[in-house]
Amino acid sequence: MSTKPVISRRRNAGRQIRGSILVNTAIALSLIVITLIGTELGYLFYMKRELQKATDLAALAGAKEISYAGSCPSAKTAAKLSANGTGSTDRNRNLPISFSLEDAEIECGQWDPAKTTSDHFDSAPPDQQNAIRITLNRTPATLLSFFEGNRTIQTKAVATNDPIAAFSIGTGVASLDEGAVNSLLNGLLGTGNKIKLRVIDYQGLATGQVRLLDLVSAVPNVGTVSQLLDTQISMNDFMLAMVQALGSSNAVAVQALNAIIATNVKPLNVRIGDVIKVTTPSPESAANASINVLELLTTSAQIANGSNLVNLDTAIDFGALAQAKVQLVILEQPSIAIGPAGKDSQGNWRTQAHSASVRLFLDTKIVDTSSIPGISGLLNVSLLRLPIYIEVAPGDARLSSIQCAAQKKDCRVQIEARPGLGTVCIAGVTSAMMLNRTTPINCTTLPSATITEISFLGITVLEIQAKVPVQAAIPDTGYETLTYNGVTGDSDDVQTTNSNAVGAVLSGALGNFSSASKWTLTPVVLGALPVPVGSILSPLLSYVLSILSALFSSLDAIVVPLLNLLGVQLGYADVHLLSVTCGEAKLVY
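Parameters and conventions
Residues numbered from 1 in each chain as written. Predicted model: local features only at pLDDT ≥ 70, side-chain atom pairs only at ≥ 80, totals over all residues. Heavy atoms only, no water. Helix = DSSP H or I, 4+ residues; strand = E, 2+ residues; numbered from the N terminus. Buried < 20%, exposed > 50% of the residue type's maximum accessible area, 1.4 Å probe, protein only. Pairing = 2+ DSSP bridges. Expected span 1.5 Å × (residues − 1). Disulfide = S-S within 2.5 Å. Polar contact = N/O pair within 3.5 Å; in protein donor to acceptor, adjacent residues only side chain to side chain. Contact = heavy atoms within 4.5 Å. Axes fitted to C-alpha atoms, helices over the stretch in contact; angles between N-to-C directions. Parallel < 35°, antiparallel > 145°, perpendicular 65-115°, else oblique. Nonpolar A, V, L, I, M, F, W, Y, C, P; charged D, E, K, R; others polar. pLDDT = per-residue confidence, 0-100. Salt bridge = Lys/Arg side-chain N within 4 Å of Asp/Glu carboxyl O.

**Some words on the environment of glycine 420**
Then, number 1: Here glycine 420 is to be found in strand β16 (residues 412-426).
Then, number 2: Its relative accessible area of 5% is what places glycine 420 among the buried residues.
Then, number 3: The spatial distance from the C-alpha of glycine 420 to the C-alpha of glutamate 391 is 9.0 Å, given a sequence separation of 29 residues.

What follows is the structure, given as structure tokens:
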């Protein structure tokens, strides 16, 4: 029997075995390479995560110090201590042992969401620094040196610590009189004469403090500060939320609020954001800001009621062709503001408040044919219309600086405040200005008003626009700086700013009003042609001033005795620091 086929089969089997070994070896080597590459990539991702974590923690540590005056060096020290520890053997260091954070990789500056840079961070003077930026570029050790490539890992973090303060500005009142405040709350809440709190009750309310975060927890269906500010709530439910937010911290204030709730407050709704003005870039950063309970109660009650102590909405008739519509508000609530200090990148104050004892909106018309039947459709003559906005005893406050310290008593908050005597604007004013609670009134920036208009068959023949800014206000350089510590409830919480230039300021304001050179006029004839108006304006101006003089005299009979009764003084404002929040750093990039 031949053996050749058997030998041939054995040789083929040997070749097959050798071939399968080569294939298996190739597969094994491929798996090894894939495993090594995967391990290398995993290691790089791991190092990226560790470096980013260390960068974030270092930025947060530095940001906790940045709110202190001249604190950039100490902020850098804190950042390096977080990253490097006290040495390579420190178990609390966050960077891997082979790396360390250097001063050149730490920047102090200002973070502002309005900035156009990708991380909204830029360099800033020491007094405007509120953030730390850390940028790391590190190349970790490689596991596969034969694979060439750039293994540099970059991590960046920006943390900000913008301390915030809550404050209010209101008209100076001589004392906390229980009868006057009871009458005010009874009138606003529609409780007849049922609210009969004592001075000790109001003192308890005046010392009570609630945080926005506590109100978030107390108001139903609210989970964030933004939702809280957007919430419409009844006054009854709002007072119940204040009670819950106070908890056991102030038993007298809780008892006083419960006594008011028991009087069956009339159904009134208020939007919380109309009561509390939060100007922080993110409302959530104001969560720990505290607000005075008495001011929160009276302010929300007055806004919910839609009026203040007096709200006159009527018209005074001076004859067939002369009429003045009047809206009058007396003794408005303090304006509450919460936010950071200083100015933004556009030079605007970041947190400010505006209030006035009296606001008056007049719409005076002399010779107006628009309401005369049979004539208005053919010939419309509005010989003189003067929309006038008046504020008596206005006050402005702006948060200029916050210097934090380890102890509340060593913190310093500076609020610049300025009382005013009066403001008169003849311009394109509307009744909406009576709701302004934040910015100072600047008559010169308002649009002009059409004071004269003559049209025939719907075609304008003559139109005159005018603007007269008259402000009996302390000059901008006259802001007084009030300095507070960070302790709530001590003697410096409420401070007063006064003006001793009443006579000079009023004299200058009246001189501006009567001077024709202060009247900015824009006459238009048939759409384009100029017209001399001096000879027309002079007699009309004299006539209007005589009418306004009579009008102001009639208002004096209402306003002056009421202000005297309530103890309101001109050129006087109370600024109340409600709370200071420091040291709460957060990552923003």
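Let's pick the thread back up.
**Regarding the pairing of strand β20 (residues 494-498)**
Moving residue by residue along a regular strand, the side chains alternate between the two faces of the sheet.
Then, number 1: With burial as the criterion, only one face of β20 is covered, namely that bearing Gln495 and Thr497; the residues Val494, Thr496 and Asn498 on the opposite face remain uncovered.
Then, number 2: Of the strand pairs in this sheet, β20 and strand β22 (residues 572-581) are connected by five bridges, and their pairing is antiparallel. By the bridge assignment, threonine 497 is partnered in β22 with alanine 573.

**Digging into helix α2 (residues 72-84)**
Then, number 1: The end-to-end C-alpha distance of α2 is 18 Å, a good match for the 18 Å that 13 residues give at a rise of 1.5 Å each.
Then, number 2: Within α2, burial applies to Cys72, Ala75, Ala78, Ala79, Ser82, Ala83 and Asn84.

**Some words on unusual backbone geometry**
Then, number 1: Even without being glycine, histidine 120 reaches a positive phi, approximately 60°.
Then, number 2: Mapped onto the secondary structure, histidine 120 falls in the loop between β1 (106-111) and β2 (121-122).
Then, number 3: By relative accessible area, which is 27% here, histidine 120 ends up partly exposed.
Then, number 4: The phi torsion at asparagine 264 lies on the positive side, around 65°, for a residue other than glycine.
Then, number 5: Here asparagine 264 lies in the loop between α8 (251-261) and β8 (269-271).
Then, number 6: The class for asparagine 264 is exposed, based on a relative accessible area of 57%.

**Focus on the state of the cysteines**
Then, number 1: This model, assessed by the stated rule, comprises one disulfide.
Then, number 2: Between the sulfur atoms of cysteine 72 and its disulfide partner cysteine 108 the distance amounts to 2.0 Å. Since a negative S-S torsion denotes a left-handed disulfide, the cysteine 72-cysteine 108 link at about 90° is right-handed. One end of the pair, cysteine 72, is in helix α2; the other, cysteine 108, is in strand β1, with 36 residues separating them in the sequence. Of the two residues, cysteine 72 and cysteine 108, neither departs from the other in class, the shared state being buried.
Then, number 3: In this structure cysteine 411 is not part of a disulfide, and its nearest cysteine sulfur, from cysteine 582, lies 4.4 Å away.
Then, number 4: By relative accessible area, cysteine 411 is classed as buried at 3%.

**A short note on the side chain of arginine 138**
Then, number 1: The residue arginine 138 is located in strand β3 (residues 131-138) in this model.
Then, number 2: The exposure class assigned to arginine 138 is buried, which follows from its relative accessible area of 12%.
Then, number 3: Engagement of the side chain of arginine 138 in a polar contact is seen with the backbone oxygen of serine 100, the distance being 2.6 Å.
Then, number 4: Residues in contact with arginine 138, not counting those within four places in the same chain, are Leu51, Phe99, Ser100, Leu101, Glu105, Arg151, Thr152 and Ile153.

**Structural notes on the packing of helix α4 (residues 199-207) against helix α10 (residues 293-305)**
Then, number 1: Two elements in contact, α4 and α10, have axes separated by 5 Å at closest approach and are oriented at 100°. Classified by the interaxial angle, the pair formed by α4 and α10 is roughly perpendicular. Packed against α4, whose contacting residues are Tyr202, Leu205 and Ala206, the element α10 presents Val293, Leu294 and Leu297 at the interface.
Then, number 2: Of the residues in the contact of α4 with α10, the class split is six nonpolar, no polar and no charged.

**Thoughts on the sheet that holds strand β23 (residues 586-587)**
Then, number 1: The strand order across the open sheet formed by five strands is β2-β1-β3-β4-β23, and the pairing between neighbours is antiparallel. Of all the strands in the sheet, just β2 and β23 have a single pairing partner and so form its edges.

**Brief notes about the confidence of the model for the protein**
Then, number 1: Per-residue confidence for the protein averages 76 on the pLDDT scale, and 70% of its residues sit at or above 70.
Then, number 2: Confidence, expressed as mean pLDDT per element, reaches its minimum in the protein at helix α11 (residues 502-514) with 47 and its maximum at helix α7 (residues 235-246) with 94.
Then, number 3: Predicted confidence for residues 307-313 stays below pLDDT 50, and this span has 26 contacts to residues more than four positions away or in other chains.
Then, number 4: Low pLDDT (under 50) marks residues 500-510, which in the prediction has eleven contacts with non-local residues, meaning those over four places away or in another chain.

**Focus on the pattern of salt bridges**
Then, number 1: Tallying each qualifying case throughout the model produces 13 salt bridges.
Then, number 2: A salt bridge links glutamate 50 to lysine 53; the shortest N-O distance between them is 3.5 Å. Linking glutamate 50 with lysine 53, this pair stays in helix α1 (residues 4-63), spanning three residues, or about one helical turn.
Then, number 3: Assessed through its relative accessible area of 41%, lysine 53 is described here as partly exposed.
Then, number 4: Two residues, aspartate 214 and arginine 211, come together in a salt bridge whose shortest N-O distance is 3.1 Å.
Then, number 5: By relative accessible area, which is 30% here, arginine 211 ends up partly exposed.

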